[in-house]
Every structure is written in structure tokens, then in C-alpha cells.
Amino acid sequence: MCGELRLADAGKKVVLMGWVNRRRDLGQIIFVDLRDRSGVTQVVFNHELNTAVHQKAEVLRNEFVIAATGTVKKRDHDTVNTNIPTGEVELVVDELRILNVSKPLPFLPSDTVLANEEMRLKYRYIDLRRDVMQHNIELRHKVALAIREDLSGRGFYEIETPFMTRSTPEGARDYLVPSRVQPGSFYALPQSPQLFKQILMISGFDKYFQIVRCFRDEDLRADRQPEFTQIDLEMSYPQPEQVWETVEGFLTAAFKAAGHEIKTPFMRMDYDEAIRKYGIDKPDLRVPAFTDVADCFSAEDLETLAINKDLPVIAIRIPNVGELSRKERDDIKPLFVSKGGARVFEDFKRIEGKFPDGAAKVRAKAEAAAEDLLVLVVGSRQVTGGEAHPASKRKVTPAELAIYASAGILRVALAQKYSDRHKLFQKGDYRFLWVTNFPMFEYDEGEKRWMAAHHPFTSPHDEDMDKLESDPAMVRALAYDVVLNGTELGSGSIRIHRQDVQSRIFHALGMNDAEARARFGFFLEALEYGTPPHGGIALGLDRIVMILAGADSLREVIPFPKTAAAKDLMMEAPTPVTDAQLRDLGIGILRK
């Protein structure tokens, strides 16, 4: 391999094969950097030593594929390249075979300035030759292998589940696959193997996992793809803590494979606490939690500031930002996203000038040093508590949620904007968190009904069962998310294992018996045949590798990704199909 040769190999006769990464023609001597996935070796064509081989090498250009046979030679001291592992040796070539040529390329794998992403995806086979992409795909392999070995060592079986299954729409849209032999019927590509893995528990397999491809027809973002890979597992008879211990174990192995040590057990936090401290259910623990400082101001102060005294007054603290100019303070306003009438006070200096006692209490309560940035997020006096909303019975009211959510968005935006000042985002600083006790249901204003916050197979807490019909807003789910540095890596739960409870959940979601049987009859029946308690989780492999690679997008760690418009630019997919194919499937296309 091109990256394997070392000083100890000097004098050996070897064959190297790979791509011409770079060519330097000095007349009597031609130097070529020969590259494969393992690295680069300098090969030398010397006119004096072998005229015929030198003449043949004159036609070499970038990305030609060659086989070079020769003798490994120690480089002269002043020509050693300390930037590469093979830099102390070179290969003096006495036989050259040109295995293939290359047209002029739209960009080179060795380019330091990247082509635009559209060009990179169109010529993905060239883009994947780049060092960083080779590293990312190798990293992905090592992480997946470490996870497989860890779970296998814990007694899990890797079991494949079908890609062609029935459509059970819940959340994102399904990708549908028409059946030729059953005209008018469709398979769906799985959004997850959820029901299959639960049925595997009913089947007695006890511990299942799968590194599996899943599909969701949804709008894309940097951390979303229409097809993605998740680490899926399920266990019989678990308490949540046993699932968490298993996940912490295979993540420890995965991060170790990437050269990082992580600390376990992970911190745990109740959902309501996460909302009150961070305004989001996937908080980045590297950035300080915000603080409710309403009690730092008098009622008169709040009245003067036109702040709603019945709602939280949130102080966001970003350390070591230093004093901001007027323009920098003005730049904060576009970062603020108001939810439900929330307001922002970006100039804390003005508050200190007008309300020195209250401002001093805020600094003390928020533990803010003089060089820390402080911003307040408050509710307007016009905002009511929203008692008419069904979710107002929750511990956190909709009006409070609006303040917390607005503060949570701004907290992250400020941390990102001033990341060069506060130094909170250090490489290798991994802050894991379990968020637990999610709401069982969310109220959909558009549909005017309750929806499953996680999925409808999640078990509620036993002590909340009596609220399923009377007070669904107060029902807590035995659900949990694992979060890393503000990114949700995965979601899981203890499942419903009793048919009567599953039917009650379907009813709470507005499904009558007939609809539930039509959509999930096979599963309801399976629950009646001695189903053990079970639970599990699914984590996004793509997201884990993205974080370990330090990449900004999933497309940097997926070999053949789609664009934001769900297109494969290299394969030019999706494409129209022929009328004959449509006739075979009994499908007609409605043109808009």
C-alpha cells in the first residue's frame, strides 16, 4: 500500500498501485506522488537509470492509475518530507504499467479549495478520493464495527428486518413502493423497524440490534437525509437504566474506536427541567443554563419595563464575551425569534443604569462576571397564561413555554455567534445527557387533537394511567433521549406490552376500534400472545460519525448522500419511468 513504506523497507523490491496525486517533471527526473487509501509515496523516474521507463512516465497526468515496480530507497537528508509517514523513503521505478488514464478532472482530490457542493456530489467518485472523505468513511467503518462487537459481546443478536413492509403513517411521510402482483396495493419503506423489533421480543429473541437503513420522505436539513442509518436495539424485561447502560457501553466503544475517551454514566435530566433551564429538550451542556431572575426586580421595576410579572424573566449568560459595541448589540436583535409575544433586552448596561439594585441581583443570581454577556428574555404584559389551551394543565404553561423556547433559541445563537470569544466549544469536549420523562402527548392546534409525542407504542408511567382520558396533558411517557452537545443522537422508550393499554393509547389519539384494527390489527393480536415487557432505542449512526469527524453536514460522512431537494446528482435520481413500467403497475401520473 502507498502509505505503508518506512525506512526499514529501504532496499526492498516492491510494487505500488494507485492514482497519480501529483507530478513534477524536472527534465531528467520525474517525481510522482502515488496515492491510495492508505496514503502517499513518492515514486521516482530517473532518465539516467532507465530511459524507457522515464519516457513512459512523461505521459502521466493527475489521476492516472498506475502500477510501479522498483526499489525502495532512503531519501537524502535534505529531501525528507516530514509531513507524510512515508517521507523518509521513495521508490525508484524500473517498471511502469499504466492501468488507466483519466480525462481532465472538474476538480482534483488534492485541491485545498473545495469545489461547490453540487459539483462534489455530481462527481462523488472523485470527491470520495479526497483525504478527508477517505478518513470519514474509514471512521464510519470503525465506529460501526466497534458498536457491533460491543453489542454482540452483550448477548445481542443482529437480526435483519424487511425493507418492504406495510404503510403505517405516523409523523413523516412514507416512501411507497407499488406492487405489480397486487395491483393498487403498496409496500412502504420503513421509517424504522419499530414494530418488527417489538415482534422479535414477542418471538423470544430477548436482545436484538441492527445497524439499519431507514427512510423518511421529509424536508431536509443539514442533519437530515431521506435515507439514513440508525443503530436500532430492543431488550426484553428492561428498566430504562438497563437500556441506558447498554447505550453508554457501545458509545464508549464507538468513541474509543475514534480515539476518544468518554465518561459514564451520562448525566440525567427530567424533560421539564431541561425546558426550564435550557428552553429545549436537547440542550448543549457546554453553554451555561439560563436563569429565571424575575424575583430580582420589584413589581414597580417590572411595570416600568413593561414586563409580565406572572411569567419568567430569563437571563442568558455567555461567558467571556466582553463589552459589545452598539452595532454588536444591534446584531443580537435579528438572532431573536419571538415565540408567543416574548421580548428581548439585549442592552443589559441600560438596565444596570436605570435599575442598579435589580441588575446587581441578576448578576449575582446568574453568576455573571463583568466580562460575561447578559441578555434578558421576558414576556410582554399583553401575554396571558393561555388557560384555554388544553396543555395549560401541564406544569409548564404555554405562555411559559414561549419564553423558555425563545430564550433557548437565542442562547444557542449567541453561543455560536461569539464562539471565538468564549472558547466553550473545545474539540473533544463531549457532554452527554439523558433527557427523561417526556410528555406522552402533544396537542396539535391544526388537527385539534392530541398526538403521540414519541410514538404510539411508548408506555406511559404506571401512576399516570388514570389520566389518559381525563387529563392527557399531564401523562408522562417512559421515553428518553440521548443528547450530545445539543444534538439528539437517539430516542427510545419502554414499550406498551399489553393489548388493553395499547388500545387505550390508540383511543386517546382519536382512533376508534375499527381504525386501530385496520392499521395495527396484526400487532394488537400479537400483543395477546404472551408479550414480555420490553424497551429499546434507536440512535443515528450518521449523526454520531458527523460529530466525531467534526463535520457540519451528514453529507460529509455518507458515501452517496442526497441534496436538500432529495436528489442524487451523481445517479441523476429520481427519474421518470416509462409508460410501460407504469402500465405494469396500474399507475397513472396526474400532471399539475
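Structure: see above.
Not measured: the values here are computed from a predicted model. Every chain begins its residue count from 1, and numbering advances along the sequence as written. Only residues with pLDDT of at least 70 get local features here, since the model is predicted, and only at 80 or more are side-chain atom pairs given and counted; chain-wide, interface and lining totals rely on the full set of residues. Think of the side-chain values as coming from all heavy atoms in the structure, minus any hydrogens and water.

J.: Explain the overall build of the protein here, please?
T.: Helices and strands together make up the secondary structure of the protein, namely 17 helices and 21 strands. Dimensions of the protein, computed from C-alpha atoms along their principal axes, come out at roughly 90 × 75 × 55 Å. Per-residue accessibility, obtained with a 1.4 Å probe over protein chains only, is compared with the maximum for each type, and a residue is labelled buried under 20%, exposed over 50%, and partly exposed between these values. Sorting the 592 residues of the protein into buried and exposed places 48% on the buried side. Only heavy atoms matter for contacts: two residues are in contact if any of them lie within 4.5 Å across the pair. Pairs at least 24 residues apart make up 69% of the contacts formed inside the protein by residues separated by at least 6 positions. Accessible surface is estimated by sampling points in the Shrake-Rupley manner with a 1.4 Å probe; for residues, cover comes only from the protein chains shown. Carbon and sulfur atoms form 50% of the exposed surface of the protein, whose accessible area is close to 29600 Å². Just so you know, the count uses Lys and Arg for positive and Asp and Glu for negative, and it drops His and the chain ends. Where a charge lies is defined by one atom per residue type, namely NZ (Lys), CZ (Arg), CG (Asp) and CD (Glu). Of the side chains in the protein, 80 bear a positive and 88 a negative charge, and the two mean positions are spaced by 3 Å. Counting from the N terminus, the helices are DSSP H or I runs at least four residues long and the strands are E runs at least two residues long.

J.: What am I meant to see in the packing of helix α7 (residues 271-278) against helix α12 (residues 398-417) here?
T.: For any two helices packed against each other, the geometry comes down to the angle between their axes and how far apart the axes lie. What counts as an axis is a line fitted to C-alpha atoms, over the stretch in contact for a helix, and the angles between N-to-C directions run from 0 to 180 degrees. Closest axis-to-axis distance for the α7/α12 pair is 7 Å, and the angle between their directions is 65 degrees. In this structure, α7 uses Ile 275, Arg 276 and Tyr 278 to contact α12, whose residues at the interface are Leu 401, Tyr 404, Gly 408 and Arg 411.

J.: Can you help me understand the sheet that holds strand β10 (residues 227-236) in this one?
T.: The strands that make up a sheet pair up through hydrogen bonds in the backbone, lying either parallel or antiparallel. Only strands joined by at least two bridges in the DSSP assignment are considered to pair. Reading across the sheet, the 8 strands line up as β6-β9-β10-β21-β20-β19-β16-β11 and stay open at both edges, with mixed pairing between neighbours. The open sheet has two free edges, formed respectively by β6 (157-158) and β11 (267-270), since each of these has just one partner strand. When β11 meets strand β16 (residues 432-436), the two strands line up parallel, connected through 4 bridges. Across the sheet, residue Met 267 finds its bridge partner in β16, namely Leu 433. Lying on the sheet, helix α6 (residues 240-257) is in contact with β10, β11, β16, β19 (479-484), β20 (487-494) and β21 (534-540); it crosses β21 at an angle near 30 degrees. This element, α7, spans β11 and β16 of the sheet and lies at about 90 degrees to β11.

J.: I tried to follow the packing of helix α4 (residues 131-153) against helix α16 (residues 541-549) on my own but got confused; where do I start?
T.: Axis separation between α4 and α16 bottoms out at 10 Å; the angle between their running directions is 125 degrees. Here α4 is positioned oblique relative to α16, judged by the angle of their axes. Here the hand of the crossing between α4 and α16 comes out right-handed. Between α4 and α16, the residues in contact are Asn 136, Leu 139, Arg 140, Val 143, Ala 144 and Ile 147 and Leu 541, Asp 542, Ile 544, Val 545, Leu 548 and Ala 549, respectively. Angle categories are assigned with fixed cut-offs, so that under 35 degrees is roughly parallel, over 145 is roughly antiparallel, 65 to 115 is roughly perpendicular, and the rest are oblique. Note on convention: near helix rotated counterclockwise from far helix by under a right angle means a left-handed crossing. Clockwise means right-handed.

J.: For this particular structure, what's the right way to read the side chain of Asp 542?
T.: Structurally, the position occupied by Asp 542 is in helix α16. Judged by its relative accessible area of 3%, Asp 542 is buried. Setting aside anything within four residues of it in sequence, one finds Asp 542 in contact with Arg 140, Phe 228, Thr 229, Leu 554, Val 557 and Ile 558.

J.: Is there a simple way to think about the packing of aromatic side chains in this case?
T.: Any two aromatic rings considered together are summarised by their centre-to-centre distance and by the angle between their planes. Ring pairs are drawn from Phe, Tyr and Trp, using the six-membered ring of Trp, whenever the two centres fall within 6.5 Å, and their geometry is named by plane angle: stacked under 30 degrees, edge-to-face over 60, tilted for the rest. In this structure the tally under the stated criterion is 17 aromatic pairs. Ring centres 6.3 Å apart and planes at 85 degrees place the aromatic pair Phe 457 and Phe 506 in the edge-to-face group. With Phe 457 in the loop between β18 (449-452) and β19 and Phe 506 in helix α14 (residues 499-508), this pair connects stretches of sequence that are 49 residues apart. Judged by relative accessible area, Phe 506 falls into the buried class, the value being 0%. Between Phe 457 and Phe 520 the ring centres are 5.5 Å apart and the planes differ by 80 degrees, which places this aromatic pair in the edge-to-face class. Within this pair, whereas Phe 457 is found in the loop between β18 and β19, its partner Phe 520 is found in helix α15 (residues 513-526), the two being separated by 63 residues in sequence. Comparing Phe 457 with Phe 520 shows no difference in burial state: the two are buried.

J.: Help me understand the pairing of strand β15 (residues 373-379), please; the structure alone is not making it clear to me.
T.: Walk down a regular strand and you will see the side chains alternate between the two sheet faces. In terms of residue burial, β15 counts as a mostly covered element, since 7 of its 7 residues are buried. Residues Leu 373, Val 375, Val 377 and Gly 379 line one face of β15 and the alternating positions Leu 374, Leu 376 and Val 378 line the opposite face, and both faces are buried. Here strand β13 (residues 314-318) runs beside β15; their pairing, made up of 5 bridges, is antiparallel. Of the residues in β15, the one forming a bridge with Ile 314 is Val 377. Bridge analysis of strand β14 (residues 342-345) against β15 gives 4 bridges, and the strand direction is antiparallel. Looking at β15, one finds that Ala 342 is bridged to Gly 379.

J.: Can you walk me through the sheet that holds β13 in this structure?
T.: Pairing within the open sheet is antiparallel, and its 4 strands lie in the order β12-β13-β15-β14. Strands at the two margins of the open sheet, each flanked by one partner only, are β12 (291-292) and β14. Strand contacts of helix α11 (residues 356-366): β12, β13 and β15, with the helix running at about 105 degrees to β15, the strand carrying the most contacts. The strands that α12 touches are β13, β14 and β15; relative to β13, the one it contacts most, it runs at about 10 degrees.

J.: What's the story with unusual backbone geometry in this structure? I'm lost.
T.: Phi is mostly negative for residues that are not glycine, and the peptide bonds are mostly trans. A cis amide bond, omega -5 degrees, links Thr 264 with the succeeding residue Pro 265. Counting through the fold element by element, Pro 265 comes out in the loop between α6 and β11. A positive phi angle is found at Asn 320, which is not glycine, with a value near 60 degrees. Structurally, Asn 320 can be placed in the loop between β13 and α9 (326-332). Take Asn 320: its relative accessible area is 40%, and that puts it in the partly exposed class. Non-glycine residue Glu 367 carries a positive phi angle of around 55 degrees. Relative to the assigned elements, Glu 367 resides in the loop between α11 and β15. Overall, Glu 367 belongs to the exposed group, its relative accessible area being 63%.

J.: Quick question: what am I supposed to make of the pattern of salt bridges here?
T.: Side chains carrying opposite charge are able to pair once their charged atoms draw close together. Salt-bridge detection follows one rule: a side-chain nitrogen of Lys or Arg within 4 Å of a carboxyl oxygen of Asp or Glu. Within the structure shown, the criterion is met by 41 salt bridges. The salt bridge partner of Arg 154 is Asp 150, with a shortest N-O separation of 2.7 Å. Between Glu 463 and Arg 476 there is a salt bridge; the shortest N-O distance is 3.1 Å. Here Arg 476 lies in the loop between β18 and β19 and Glu 463 lies in the loop between β18 and β19, a separation of 13 residues in the sequence.

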